[in-house]
Amino acid sequence: MKLKYLAVVLSLVVSSCVYAPPEPEVWMEKGASLTQYKAFEVLPAQNETGKTFGFDVGATLTAKLIAKLHAKGYSVQPAASPGEDVLLLRSSVMVLEEGSLITLFPEAAYCTVRTALIDKKTGGLLGEMVTSKEFRTGGLLEGGGAGAIGLAGSEPLLIDLIAEGIVNELEKRIKQH
Amino acid sequence: MNGTVSLITFFFGVVILSACAAAPDVDRMIPSAPPSAVLHSDKVLRVGEVTGGKETNPLMQSMIDDTGFRQALVDTLQRSGLFRSVITDQAAADYELQAEIVSQEVQGIYDATATLFVNYRLLEVSSHREIWKENLLSRYMAKFEESFIGVERRRKANEGVVRENLLQLVDRLSQVLPK
């Protein structure tokens, strides 16, 4: 009986790790800061994986970024007020691999996105981030969470979590003192 | 009986040792194919600091470290013919190249995909002017067939991703260096 409870708790803990948004690795230009930006323009994200998928990878990432910025209360162009400093986001999906749930040889699903942060007024590059997320589908410990992901198709969810990671990082840097 | 125990011990010893992660091999991080467009100049390049790399923990996974990456960078630039000479000490030089490894990642179980993101800066030594800077992102997939051992495949992925990054670097330098 105790083992059953332990398995449920372990499954919940592991699932929360599986669904956690990743933290991007960030390079910033010397002296650059994002604190003055409250408005964004999200350029159409590109699929640079060299592969095609069952859904539009670039459009999905673009839509997710816009939705998550809106959800945090930021204005996204063309709705930004005149005179506001606008930060351009230019993203490319560099790696996207579909996972496999075949139990004998479960393969991970993973994704890497590169995002350039550009000041709209000057066109200057302020920084770049690389954001990666991996689901080890069907793995011994991740079976519960990743199994559900696999059934629904893990790639859009990977992109959703990556978009969340990017927006969380932007918010952290905008609120930095 | 003793022979069987020795054999089993030997077998597990080999398995354990082969499962230890190793840092990427410098020679295998150097691109073998010469870049397509190469500009030959009479300038001397100093390869400066490399930062951001991580040391390999044998119990974890293969990582690209500063020393190995710098050595591969120096050897690649020497072989590229872009400069009259490539130095690492404080002797007189025309340019200095600095590199910061911003991100390195290896993903996947059977086919391991490595990504490497490096910030490069080229400075003119006499004026301390930055004449070029760029972030280069490279990818490399080490297929399952390359090695059946996971840690070995991850090391090969790291070696491949450095080669790809250095190829991009030589290509970009050949375009941006003053003719």
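Scoring rules and cut-offs
Residues numbered from 1 in each chain as written. Chains lettered and ligands numbered in written order. Predicted model: local features only at pLDDT ≥ 70, side-chain atom pairs only at ≥ 80, totals over all residues. Helix = DSSP H or I, 4+ residues; strand = E, 2+ residues; numbered from the N terminus. Contact = placed C-beta atoms within 7 Å. pLDDT = per-residue confidence, 0-100. Core = buried A, V, L, I, M, F, W, Y, C linked by C-beta atoms within 7 Å. Buried ≥ 20, exposed ≤ 12 C-beta atoms within 10 Å, placed from the backbone. Pairing = 2+ DSSP bridges. Axes fitted to C-alpha atoms, helices over the stretch in contact; angles between N-to-C directions. Nonpolar A, V, L, I, M, F, W, Y, C, P; charged D, E, K, R; others polar. Parallel < 35°, antiparallel > 145°, perpendicular 65-115°, else oblique. Left-handed = near helix turned anticlockwise from the far one by under 90°. Expected span 1.5 Å × (residues − 1). Arc of directions from axis to C-beta.

Trainee: Account for the overall build of chain B, with residues named and values stated.
Mentor: What chain B contains, in helices and strands, is three helices and five strands. When the helices and strands of chain B are read in sequence order from the N terminus, they spell out α-β-α-β-β-β-β-α. A fraction of 71% describes how many contacts in chain B between residues 6 or more apart in sequence connect residues 24 or more apart.

Trainee: Quick rundown of the overall build of chain A? Include the residues and the values.
Mentor: Counting its secondary structure elements, chain A contains four helices and seven strands. For chain A, the sequential pattern of α-helices and β-strands runs α-β-β-β-α-β-β-β-β-α-α.

Trainee: Please provide a residue-by-residue account of the environment of glycine 123 of chain A, values included.
Mentor: As for its placement among the helices and strands, glycine 123 of chain A is situated in the loop between β6 (109-119) and β7 (125-135). C-alpha of glycine 123 of chain A to C-alpha of glycine 50 of chain A: the two residues are 73 residues apart in sequence and 28 Å apart in space.

Trainee: Outline the confidence of the model for chain B, listing residues and values.
Mentor: This prediction gives chain B a mean pLDDT of 87; 85% of its residues lie at or above 70. Both scores are given for the predicted complex: the pTM is 0.84, the ipTM 0.82.

Trainee: Please give an account of the nonpolar core that cites residues and values.
Mentor: With 75 residues, the main nonpolar core has Cys111 of chain A together with Leu73 of chain B as its most contacted residues. For this core, the element with the highest residue contribution is helix α4 (residues 154-174) of chain A, accounting for eight residues.

Trainee: I'd like a rundown of the sheet that holds strand β4 (residues 112-124) of chain B, residues and numbers included.
Mentor: All names here are of chain B. Spatial strand order, β2-β1-β3-β4-β5: five strands in an open sheet with mixed pairing. Bordering the open sheet on either side are β2 (85-87) and β5 (129-142), each of which pairs with just one other strand. Strand after strand, the sheet turns through a mean of 25° between neighbouring axes, direction not considered. One ladder, built from three bridges, connects strand β1 (residues 44-51) with β2; its direction is parallel. Its bridge partner being in β2, leucine 45 is matched across the sheet by valine 86. Those strands touched by helix α2 (residues 66-80) are β1, β2 and β3 (95-107), and its axis lies near 160° from that of β1.

Trainee: A description of the confidence of the model for chain A should follow, citing residues and the corresponding values.
Mentor: In low-pLDDT regions, the fine details of the predicted coordinates are not to be read closely. Residues and elements named next belong to chain A. Overall, the predicted model of chain A reaches an average pLDDT of 82, with 74% of residues at or above 70. Within chain A, helix α3 (residues 143-152) has the poorest average pLDDT of any element, 44, and strand β3 (residues 46-47) the best, 97. Predicted confidence for residues 138-152 stays below pLDDT 50, and this span has 32 contacts to residues more than four positions away or in other chains.

Trainee: Report on the interface of chain A and chain B, specifying residues and quantitative values.
Mentor: Taken together, the contacts link 16 residues of chain A with 14 residues of chain B. Elements that contribute at least two residues to the side of chain A that touches chain B include exactly β1 (25-28), β5 (86-97), β6 and β7 of chain A. Looking at the side of chain A that touches chain B residue by residue, the classes come out as seven nonpolar, two polar and seven charged.

Trainee: Could you give an account of the packing of α2 of chain B against helix α3 (residues 150-176) of chain B, with specific residues and numbers?
Mentor: Residues and elements named next belong to chain B. Interhelical geometry of α2 versus α3 gives an angle of 45° and a closest axis separation of 10 Å. Here α2 is positioned oblique relative to α3, judged by the angle of their axes. Handedness of the crossing formed by α2 with α3: right-handed. Along the contact surface, α2 presents Phe69, Ala72, Leu73, Thr76 and Ser80, while α3 presents Val162, Leu166 and Val170.

Trainee: Explain helix α2 (residues 57-71) of chain A to me, using residue names and the numbers behind them.
Mentor: Structurally, the α-helix is built with 3.6 residues per turn, so residues lying three or four positions apart point the same way. Residue and element names in this part refer to chain A. With 15 residues, α2 ought to run about 21 Å at 1.5 Å a step, and its terminal C-alpha atoms sit 21 Å apart, in line with that. All of the buried residues along α2 are Val57, Leu61, Lys64, Leu65, Lys68 and Leu69. Seen along its axis, α2 keeps its buried residues to an arc of 125°; they face one direction. Residues of α2 that are buried in the fold lie against β2 (39-42), β3, β4 (75-76), β5, β6 and α4. Immediately beyond the C-terminal end of α2, within one or two residues, lies glycine 73, with a positive phi of roughly 90°.

Trainee: Go over the pairing of β2 of chain A, please, and point to the residues and values.
Mentor: Each regular strand shows side chains that alternate between the opposite faces of the sheet. Residues and elements named next belong to chain A. Burial along β2 is one-sided: Phe40 and Val42 are buried, while Ala39 and Glu41, pointing the other way, are not. Where β2 lies against β4, two bridges are found, and the strand directions are parallel. In the sheet register, alanine 39 faces β4, and the bridge partner there is serine 75. Bridge count between β2 and β5: four bridges; the pairing is parallel. Its bridge partner lying in β5, phenylalanine 40 is registered against leucine 87.

Trainee: Explain unusual backbone geometry to me, using residue names and the numbers behind them.
Mentor: Of note in this structure, histidine 128 of chain B is not a glycine but carries a positive phi near 60°. You can see histidine 128 of chain B is positioned in the loop between β4 and β5.

Trainee: If you had to explain the pairing of β4 of chain B to someone new, which residues and values would you point to?
Mentor: Residue and element names in this part refer to chain B. Across the 13 residues that make up β4, a large majority, 10, are buried. As defined by bridge partners, β3 adjoins β4 across 12 bridges and the pair is classed as antiparallel. Directly across from tyrosine 95, in β4, lies its bridge partner glutamate 124. Pairing of β4 with β5, which is carried by 13 bridges, proceeds in the antiparallel orientation. Each bridged residue has a counterpart across the sheet, and for leucine 123 the counterpart in β5 is glutamate 130. The turn joining β4 and β5, which pair antiparallel and follow one another in sequence, is formed by four residues; a positive phi near 60° is taken by histidine 128.

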